[in-house]
Amino acid sequence: LYRSILREASYLPDSFVRLWVRAYASHHFHKTAHRTSNHFPPFQKLHQARQSLYLLSRANKGHHPSLLKLLLHVYGRTGRRRRELLQPLLSRSNKSQHLYVPVPTAKEVNAGRLDPYIPQIKPQLRALIDSQARHPPPHLTRPMLRHVMPNVEERTAWLRPMPLCRVRNVVRRWYANTLERLHPPLPEEEWFRLKALAEGRAWEVQVQRRVRVGTKEAISPLDLVVGERMPPCWLVGGKGEEMGELKRRKMRRLWATVFEQCPRM
């Protein structure tokens, strides 16, 4: 299974994706091997590995949703790498966590004071929030960012001051939703490379698939007869999705779709 994943990764149409998938698979297989006993990984890990192999196989055959899902994951629009790209913009802890600071009320929160409810927002993160609120990217993987600051009601339904626990929950919920809707910026080198691929100024050399020894490229008449009698879903890849070739224009459109969601700091 591990060799099959590495083999499929070597045929991917993007060199950066090939290297990333290979390193990712190698890291996770070695980590799972060290954690398991008797050299038998758990069933859940095997199932995830088979699903990954299935995704890579369909991406190499030109299946548009599988290839787009893989590109979005590797370029940090979804999944684990998105969280890794977002980490440098986040503060590790509050500066005032070891000091006594008066807890802000709803009126003070609406005025802009969020500490100590959430970690301090860095200027880079604030600039990213404001930029994506003014110029929202295509909503392909994330919903639109609507509020750049939390909006807390200052009075309850009984015209009493809003409880501080309620203010805290609203601020924390706004912070979590904002981070969930943000598109983290790509490193400059990756951003310029992806831009060149999306604009057609650069191109990736496609790796030719190796043919097994002893296989025949010619199709027998029996295969043609059986193929004509098969249902359409069998001819297109198993679930009715159309399997296309990795043509230059198709890959350029996929790179452009991913690039539209990649900001740069």
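Refer to the structure printed above.
What comes next is a walk through the structure.

Definitions and limits used
- Within each chain, residues carry numbers counting from 1 in the order of the written sequence.
- The predicted nature of this model means local features are confined to residues of pLDDT at least 70 and side-chain atom pairs, given and counted, to a pLDDT of 80 or more, with totals for whole chains, interfaces and linings taken over all residues.
- Hydrogens and water molecules were not included; the side-chain quantities draw on all heavy atoms of the structure.
- Aromatic rings from Phe, Tyr and Trp, with only the six-membered ring used for Trp, were paired whenever their centres fell within 6.5 Å, and each pair was classed as stacked if the ring planes differed by under 30 degrees, edge-to-face if by over 60, and tilted otherwise.
- The helix count covers DSSP runs of H or I at least four residues long, the strand count covers runs of E at least two residues long, and both are numbered beginning at the N terminus.
- Lysine NZ or arginine CZ positioned within 6 Å of the ring centre and within 35 degrees of the ring normal marks a charge as sitting over the ring.
- Whenever Lys or Arg places a side-chain nitrogen within 4 Å of a carboxyl oxygen from Asp or Glu, that contact is recorded as a salt bridge.
- Buried, partly exposed and exposed residues are distinguished by accessible area as a fraction of the type maximum, computed with a 1.4 Å probe on protein chains only: under 20%, between the cut-offs, and over 50%, respectively.
- Lines fitted to C-alpha atoms define the axes, with helix axes restricted to the stretch in contact, and inter-axis angles between N-to-C directions lie between 0 and 180 degrees.
- Note on terminology: angles under 35 degrees are roughly parallel, angles over 145 are roughly antiparallel, angles of 65 to 115 are roughly perpendicular, and the others are oblique.
- Crossing handedness is defined as follows: a turn of the near helix away from the far one that is anticlockwise and smaller than a right angle gives a left-handed crossing, while the clockwise case is right-handed.
- We call two residues in contact when some of their heavy atoms are within 4.5 Å.
- Multiplying 1.5 Å by the helix residue count minus one yields the expected span of that helix.
- Of all possible arcs, the one meant is that of the directions from the helix axis to the C-beta atoms.
- N or O atoms closer than or at 3.5 Å make up a polar contact, with two conditions inside protein: a donor-capable atom paired with an acceptor-capable one, and, for residues adjacent in sequence, both atoms drawn from side chains.
- Side-chain atoms within 4.5 Å are what join buried Ala, Val, Leu, Ile, Met, Phe, Trp, Tyr and Cys residues into a set we call a nonpolar core.

**Considerations on the packing of aromatic side chains**
- Across all of its chains, the model carries six aromatic pairs by this definition.
- Between Tyr2 and Phe29, the ring centres sit 4.8 Å apart and the planes meet at 45°, which makes this aromatic pair tilted. Of this pair, Tyr2 sits in helix H1 (residues 2-9) while Phe29 sits in helix H2 (residues 15-35); the two residues are 27 residues apart in sequence, bridging distant segments of the chain.
- Every member of this aromatic cluster is reached through a ring pair, and the members are Trp191, Phe192 and Phe259.
- Positioned over the ring face of Trp191 is Arg264, at 4.7 Å from the centre of the ring.

**So, the pattern of salt bridges**
- Applying the stated criterion across every chain, the model contains nine salt bridges.
- Arg113 is the salt-bridge partner of Glu108, the closest N and O atoms lying 3.5 Å from each other.
- Residue classification places Glu108 among the partly exposed positions, given a relative accessible area of 34%.
- Of the charged contacts, one joins Arg193 and Glu204 as a salt bridge, the two residues approaching to 2.5 Å between their closest N and O atoms. Of the two residues, Arg193 sits in helix H9 (residues 188-199) while Glu204 sits in the loop between H9 and helix H10 (221-229), which places them 11 residues apart along the sequence.
- The buried category is assigned to Glu204, whose relative accessible area is 10%.

**Here we look at the packing of H9 against helix H12 (residues 248-259)**
- Running from amino to carboxyl end, H9 crosses H12 at an angle of 135°, the nearest separation of the two axes being 7 Å. With respect to each other, H9 and H12 are oriented oblique. Of the two elements, H9 crosses H12, and the hand of that crossing is left-handed. Across from Trp191, Leu194, Lys195, Leu197, Ala198 and Glu199 in H9, the residues of H12 making contact are Arg252, Trp255, Ala256, Val258 and Phe259.

**Some details on the environment of Leu164**
- If you trace the backbone, Leu164 turns up in helix H8 (residues 164-181).
- The partly exposed category is assigned to Leu164, whose relative accessible area is 40%.
- As for Leu164 and Pro104, which are separated by 60 residues in sequence, their C-alpha atoms are 7.9 Å apart.
- Beyond its immediate stretch of four places on either side in the chain, Leu164 contacts Val103, Pro104, Thr105 and Tyr117.

**Re the environment of Pro116**
- Counting through the fold element by element, Pro116 comes out in the loop between helix H6 (106-110) and helix H7 (123-134).
- A relative accessible area of 25% places Pro116 in the partly exposed class.
- Along the chain, Pro116 and Arg168 lie 52 residues apart, while their C-alpha atoms are 9.1 Å from each other.

**A short note on H12**
- Compared with an ideal rise of 1.5 Å per residue, which puts 12 residues at 16 Å, H12 spans 16 Å between its outermost C-alpha atoms and is within 8% of the ideal.
- By the burial criterion, the buried members of H12 are Met251, Leu254, Trp255, Val258 and Phe259. The arc enclosing the buried residues of H12, seen along the axis, measures out at 135°, which places them on a common side. Turned more than 90 degrees away from the buried face of H12, the exposed residues are Arg249 and Arg253.
- Buried residues along H12 sit against helix H4 (64-74) and H9.

**Looking at the side chain of Glu8**
- Relative to the assigned elements, Glu8 resides in helix H1.
- Within the structure, Glu8 has its side chain in polar contact with the side chain of Asn60 (distance 2.7 Å).
- With residues near it in sequence (within four places) discarded, Glu8 still touches Leu53, Leu56, Ser57, Asn60 and Arg209.

**So, the nonpolar core**
- In terms of nonpolar packing, the biggest core is built from 30 residues, with Leu12, Val17, Val21, Leu70, Leu194 and Val258 touching the most fellow members.
- Of all the elements in the fold, those that place two or more residues in this core are H1, H2, helix H3 (43-60), H4, H9 and H12.
- Here this core gets six residues from one element, more than from any other, and that element is H4.
- The residues touching Leu12, leaving out its near neighbours within four places in the chain, are Val17, Arg18, Val21, Leu56, Ala59, Asn60 and Leu70.
- With 22 residues, the next largest nonpolar core counts Leu114, Ile118, Val171 and Leu179 among its residues.

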